[in-house]
Amino acid sequence: MSSAVASAPGKLMLFGEHAVIYGYPCIVTAVDIRVTVLIRQLPANLVSISTPELPEPFEISVSGLVAANSLPAAVSFVGLAVRKFWEFTGHRFGVEVQTSDEFVDSSGLGSSSAVTVATIQALAALTGRELTNDQIFKLSFDTVLAAQRGRGSGFDVAAAVYGRTIYFQNRGEVIEPIEDIDLPLMTIYSGVKASTTQYVGHVATLYQQYRPHVERIFANIAAIVDDARQALRSGDWHELGQLMNFNQGYLQALGVSTEPLDVLVAFLRSNGAWGAKLSGAGGGDCVIGVVPPERQPDITALIKRSSGYSLIPAGLNADGVRLEPKIRNVQR
Ligand code: MEV
């Protein structure tokens, strides 16, 4: 095969952020906002990577990529995925990679994991290999850890590979699908780009200084995650909203919520949401709320009139990574 195209979904963390890094469970749903990756085999000893963020393709020799200590941020996940795939197969080859995505800039919906997963799947198809989802997860998670200096729980990689809504724990030791849910969720982008590294680092410092307290917070978050799994299964949105409120309280206690996020959470609650919380590392990105369907039009209108906030129309329980029909060029 001389070319292949794959796509993978972004994610929304529903419950359990931060605690999941320390081995506790979380619940994540895959969203129907996807990254698409087109890969072509090149005859030359060359790797060429085009992304929407770069005006020109990034080019590097095969040996240069093998030896590279660092890569520009815009191509690091793709470049390291190609390198990881070469290591896995024991075979290096020239390749052209084009990526495109439907992501709202910096919304924290997991575009780096999605592009990594789609790259691995497209490389497998290009070279005629059928990888299991577990193999794609392992190769992709190793790539993401390499790109993030060992940090990350892998829940976003799992969402990109397996799709749907999943209960995830301990770097992928537990990955259990939760049957498809018709959750009345609203997702609002706060307008602030968050630094996951900064907030993960903040919690790590807190953990070192106040370990027994932070452990108790994590254990309480884990209990919320387990109850949330039940509430999702039974469709008890009132209960789920209350659990979101509790989870938000613990995220505040960890110091990762900010005033603008608290304002958005309060806005959702005072406009009829059953519950709301930040989603992701904190510091910005998105707030999610479980909102009765009859309240959603009013909230949508208010958000549209506000400055800085935007509604992210993300469908939940999206398909995981998949091969796509070939198209000539995936860039917009
Ligand atoms: C970020 O979306 C969620 C964190 O738990 C980081 C991770 O799990 O990799 C803060």
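Before reading further, recall that the structure is shown in the block above.
Figured I'd write up the structure that's included with this text. Within each chain, residue numbers correspond to sequence positions counted from 1 in written order. Only residues with pLDDT of at least 70 are given local features in this predicted model, and only at 80 or more are side-chain atom pairs given and counted; all residues enter the totals for whole chains, interfaces and linings. Only hydrogens and water are set aside; all other atoms, that is, all heavy atoms of the structure, feed into the side-chain values.

## With respect to the sheet that holds strand E9 (residues 275–279)
Pairing between strands is defined by DSSP: at least two bridges between them are needed. Counting from the N terminus, the helices are DSSP H or I runs at least four residues long and the strands are E runs at least two residues long. Taken in spatial order, the four strands of this open sheet run E9-E10-E8-E11, and their pairing is antiparallel. Both outer strands of the open sheet, E9 and strand E11 (310–311), are each paired with one neighbouring strand and no more. With five bridges joining them, strand E8 (residues 185–189) and strand E10 (residues 286–290) adopt antiparallel strand pairing. For Leu185, the partnering residue across the bridge sits in E10 and is Val290. On the sheet, helix H10 (residues 296–305) packs against E8 and E11 and is oriented at approximately 5° with respect to E8. A contact between two residues is defined here by any heavy atoms of the two lying within 4.5 Å. Angular values range over 0 to 180 degrees, each being the angle between N-to-C directions of two axes fitted as lines to C-alpha atoms, with helices fitted over their stretch in contact.

## A few points about the side chain of Gln121
Mapped onto the secondary structure, Gln121 falls in helix H3 (residues 111–126). With a 1.4 Å probe rolled over the protein chains alone, any residue whose accessible area is under 20% of its type maximum counts as buried; one over 50% counts as exposed, and the rest are partly exposed. Looking at Gln121, the relative accessible area reads 12%, which means it is buried. Beyond its immediate sequence surroundings of up to four residues, Gln121 is in contact with Ala6, Ile136, Val321 and Leu323.

## Quick word on the site of the ligand
Proximity criterion: a residue is near a molecule or strand once any of its heavy atoms comes within 4 Å of it. As a structural note, the neighbourhood of the ligand is formed by Lys11, Glu17, His18, Val20, Ile21, Gly152, Ser153, Phe155, Val200, Gly280 and Ala281. For this analysis, a polar contact is any N or O atom pair within 3.5 Å, provided that within protein one partner can donate a hydrogen and the other can accept it, and provided that sequence-adjacent residues contribute only side-chain to side-chain pairs. At 2.9 Å, a backbone N or O of His18 approaches an oxygen atom of the ligand. Between the ligand and Ser153 there is a distance of 2.6 Å, counted from an oxygen atom to a side-chain nitrogen or oxygen. The Shrake-Rupley method, run with a 1.4 Å probe sphere, supplies the accessible areas, and residue values consider only the shown protein chains as cover. Within the complex, the protein chains bury 93% of what would otherwise be the 300 Å² of accessible surface of the ligand. Three residue categories are used. Nonpolar comprises Ala, Val, Leu, Ile, Met, Phe, Trp, Tyr, Cys and Pro, charged comprises Asp, Glu, Lys and Arg, and polar comprises the others, including Gly. Tallied by class, residues from the shell around the ligand come to five nonpolar, four polar and two charged.

## Describing helix H2 (residues 73–89)
Its 17 residues give H2 an end-to-end C-alpha distance of 25 Å, which sits within 8% of 24 Å, the value for a rise of 1.5 Å per residue. Once H2 ends, the next one or two residues include Gly90, with phi positive near 70°. Multiplying 1.5 Å by the residue count of a helix minus one yields the expected span of that helix.

## Re helix H9 (residues 259–270)
With 12 residues, H9 ought to run about 16 Å at 1.5 Å a step, and its terminal C-alpha atoms sit 16 Å apart, in line with that. Among the structural elements, E8, helix H8 (237–253), E9, E10 and H10 are those in contact with the buried residues of H9. A positive phi of about 105° marks Gly272, the residue just after H9.

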